[in-house]
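Given next are the chains, with one letter for each unit.
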Amino acid sequence: MKILQNKFDDNRVIMSQMKFISDADRAVEDALVGLKCAYPALYVDKKNRIVLSNQISKNRVALLSGGGSGHEPFSIGFVGDGMLSGAVAGLVFASPPTRTISAAIRALAEQNGNSGVLVIVMNYTGDILNFGLALESARSENIDAEMVVISEDCSRINEEVQGAGRRGLCGNCFIFKIAGNMAKCGIKLSYIAAECRQINDFMSTLGATVSSCTVPGVGSLFSLGPDEVEIGLGVHGEIGTCRRKLCTIDELVNLMVSKIAQSLHLAAGSNVCVVINNLGSISHLELGIICNKVYNCLTESQITTCRLYSGSFMTSLDMAGFQISVLNITEHPEWLEHLDSNTSAPGWPSTCISIPIPMNENRIAIKNNNLELNKIGPKLSANEASLFEKCLCSIANVFIQKEEFLNKLDTFSGEGDIGSALRRFSECILQNMPKLDLEYPAVCFFHMSRLMQNIGGQSCTLYSILLASATRYLASTSKMDWLKMWKSSLDSLVCYSKAKIGDRTMVDVLVPVYDTFCNNITNKKEVLTAFEEAVNVGKINCEKTRFMKARASTSSAENEEESDEVECGAFATTLWLEAIHRTIHNYFFE
């Protein structure tokens, strides 16, 4: 930290980590205000960190993306006619909260007459969870929306079927541009979403750097020797898959292009489009040299470079590195037409900036969610509602009691706050219990999900997804079927978290418990006995997480610290399952 005296007045300016940032906590909001100054045609909601285009058309699909800040111009710089309709920014390297994502989706749906909102997300766990939950909420409000996940990193090409899959990198700009022009042409949501998924399968990206980035107020996240280069890194300061001694730029580019070509099965005669992405502090001189080497390397392999774009597309603050992203258009020459179309997005190279249009900020207002659900779904009897309330209270109390222990477990695999998050939610539930419509579980789960979204943290997002999915299922039926509701919630959780058995998550408990309970019911066992046996199976599987390696997070490959403790999410799951069983048993037998 350095304090500089302003020579023009007596104010003192704090420079964080020798960067031109006066306040690390306010950096994102300050940057968005600056964007509005530079591009007055954009609408900027500073408080919610949302950027919207002023050219959102009725009867035309809207595109929304976003993620943590520090990657500019991604994604706010790609908002404009012919690309994104809106973007949501989180804090530096942090996913935006579900609440603001939901607000952006609603604003876009209102502006385009609910003609469809395509949510484009990079494959990072926090983004998948928060954008996925916002998508589920939007669908529950009858907003036509779909989500596409970008995952084109080829650094772990042989591991892509494991864990959370490949990361999303600067290949996003291909999808933003092609999908944006398709929407501009009036193409329908389902077709654009399918085309985006196909584009994702036809592109690959690989990065290299000679330094880590410097996070405001934190510093560098890893260190390299003066003669080392890191290959296969992401954009959040995480280390790569290969560290080697510095070589010539020819050797480095040849190595990277070869791996990309292998992942895309490129052969002589292939046609490609290429992005050379500056990760933050590569000079224009270096960028030009890299472009030359990439072009020559592809040409020598008899691969035609139809388009080559260079510049900053998705940065990692000030990282001294670059990424090469290749899109194989051999079978899809029509994608070129979309890439060549005009756009007003300021971050796209050679763009035609339209004349700023005075913005009526009332046109695109970020509205609070005042959605209310009234008496929908199956209705419980008075006795059933009473038991339902007792179960909720029992879960809340056990989470409050186990806060400290859960936080301790979370220090081995997370941020050490799962206990505090669940305690805050539990206190909120107990405080709002008189307001919850316990006779209608769909309504109750809906409000619980919304309360959970205000707590924050990855664990609360996971539970909010479970509750939102339960709401959606129950709202579609008049018969109370807890098993089918459970299955619907479990499917959504697996879909967005990408966790499976053996990944050391709550799924290691939830899936075996569900399977055991189903089998017991099928075999005509008494319900309480069937549930007791299922809960015991869950506890056994929770113990097994002591010996598992976390694989469900996109950063799990870099976090190698071993722990002989059970996984915190799995243990928390056994707590509420036991609380439910204990409450039901006491209700009927004591």
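Preceding this paragraph is the structure being described.
Residues numbered from 1 in each chain as written. Predicted model: local features only at pLDDT ≥ 70, side-chain atom pairs only at ≥ 80, totals over all residues. Heavy atoms only, no water.

Draft legend 1. Geometry of helix α17 (residues 568–589). Compared with an ideal rise of 1.5 Å per residue, which puts 22 residues at 32 Å, α17 spans 31 Å between its outermost C-alpha atoms and is within 8% of the ideal. A side-chain oxygen of the first residue of α17 lies 2.8 Å from the backbone nitrogen of Gly569; this N-cap is Glu567. (Helix = DSSP H or I, 4+ residues; strand = E, 2+ residues; numbered from the N terminus. Expected span 1.5 Å × (residues − 1). Polar contact = N/O pair within 3.5 Å; in protein donor to acceptor, adjacent residues only side chain to side chain.)

Draft legend 2. Main features of the nonpolar core. Grouped together as the largest cluster of nonpolar side chains are 96 residues, with contacts concentrated most on Ile105, Phe399, Met448 and Tyr463. Judged by nonpolar contacts, the second largest core, of 58 residues, contains Leu42, Leu63, Leu84 and Ile329. (Core = buried A, V, L, I, M, F, W, Y, C linked by side-chain atoms within 4.5 Å. Buried < 20%, exposed > 50% of the residue type's maximum accessible area, 1.4 Å probe, protein only.)

Draft legend 3. How the structure looks around the side chain of Glu195. Assignment of secondary structure puts Glu195 in helix α5 (residues 189–201). Among buried charged residues, Glu195 stands out as having no salt bridge; its nearest opposite-charge side chain is Arg197, 10 Å away. With near-sequence residues (within four places) excluded, Glu195 lies in contact with Met182, Glu334 and Trp335. (Lys, Arg positive; Asp, Glu negative; His and termini not counted. Salt bridge = Lys/Arg side-chain N within 4 Å of Asp/Glu carboxyl O. Contact = heavy atoms within 4.5 Å.)

Draft legend 4. Up close: the packing of helix α9 (residues 382–401) against helix α11 (residues 418–432). For the pair α9 and α11, interaxial distance at closest approach is 8 Å and the crossing angle is 145 degrees. Between α9 and α11 the crossing geometry is left-handed. Contact residues: α9 offers Cys393, Ala396, Asn397, Phe399 and Ile400, while α11 offers Leu422, Arg423, Ser426, Glu427 and Leu430. (Axes fitted to C-alpha atoms, helices over the stretch in contact; angles between N-to-C directions. Left-handed = near helix turned anticlockwise from the far one by under 90°.)

Draft legend 5. Representation of the pattern of salt bridges within the structure. What the rule picks out here adds up to 22 salt bridges. The partner of Arg49 in a salt bridge is Glu29, and the shortest N-O contact between them spans 2.9 Å. Of this pair, Arg49 sits in the loop between β3 (43–45) and β4 (50–52) while Glu29 sits in helix α1 (residues 27–38); the two residues are 20 residues apart in sequence, bridging distant segments of the chain. When sorted by exposure, Arg49 lands in the same class as Glu29, which is buried. Of the charged contacts in the structure, one is a salt bridge between Arg106 and Glu141, with a shortest N-O distance of 3.1 Å. Pair noted here: Arg106 is in helix α2 (residues 98–111) and Glu141 is in the loop between α3 (125–140) and β8 (145–150), with a separation of 35 residues, a long-range link.

Draft legend 6. Just the packing of aromatic side chains, in detail. Summed over all chains, the structure comprises 13 aromatic pairs. Seen from their ring centres, Phe202 and Trp335 are 5.9 Å apart, and the 80 degrees between their planes marks the pair as edge-to-face. Of the two residues, Phe202 is situated in the loop between α5 and β9 (203–209) and Trp335 in helix α8 (residues 335–340); the sequence distance between them amounts to 133 residues. With relative accessibility at 18%, the residue Phe202 sits in the buried group. Aromatic side chains Phe388 and Phe445 sit 5.7 Å apart centroid to centroid with 80 degrees between the ring planes, which places their arrangement in the edge-to-face category. Remark: Phe445 occurs in helix α12 (residues 441–453) and Phe388 occurs in helix α9; sequence separation between them is 57 residues. Residues Phe388 and Phe445 agree in their burial class; the two are buried. One aromatic cluster is present, formed by Phe74, Phe78, Phe176, Tyr309, Phe313 and Trp348 through successive ring pairs. (Phe/Tyr/Trp six-rings, centres within 6.5 Å; stacked < 30°, edge-to-face > 60°.)

Draft legend 7. Inspection of α12 at higher detail. Between its first and last C-alpha, α12 extends 18 Å over 13 residues, near the 18 Å set by a 1.5 Å rise per residue. For α12, the tally of buried residues reaches twelve of 13 residues, placing the bulk of the element in the interior. Among all positions of α12, only Pro441, Ala442, Val443, Cys444, Phe445, Phe446, Met448, Ser449, Arg450, Leu451, Met452 and Gln453 are buried. Looking at the buried residues of α12, the elements they touch are α2, α3, α9, α11, α13 (458–474) and α14 (482–497).

Draft legend 8. Spotlight on the state of the cysteines. Per the counting criterion, the structure on display carries zero disulfides. Counting only cysteine sulfurs, Cys247 is the nearest neighbor of Cys242, a cysteine outside any disulfide, at a range of 9.6 Å. (Disulfide = S-S within 2.5 Å.)

Draft legend 9. Structural context of the sheet that holds β3. An order of β3-β4-β6-β5-β7-β8 is seen for the six strands of this open sheet, with the pairing classed as mixed. Unpaired on one side and paired on the other, β3 and β8 mark the two borders of the sheet. Within the sheet, the average angular offset between the axes of one strand and its neighbour, ignoring direction, is 20 degrees. Judged from the three bridges that link them, strand β5 (residues 62–69) and strand β7 (residues 117–122) form a sheet pairing that is parallel. By the bridge assignment for β7, Ala62 is matched with Val117. (Pairing = 2+ DSSP bridges.)

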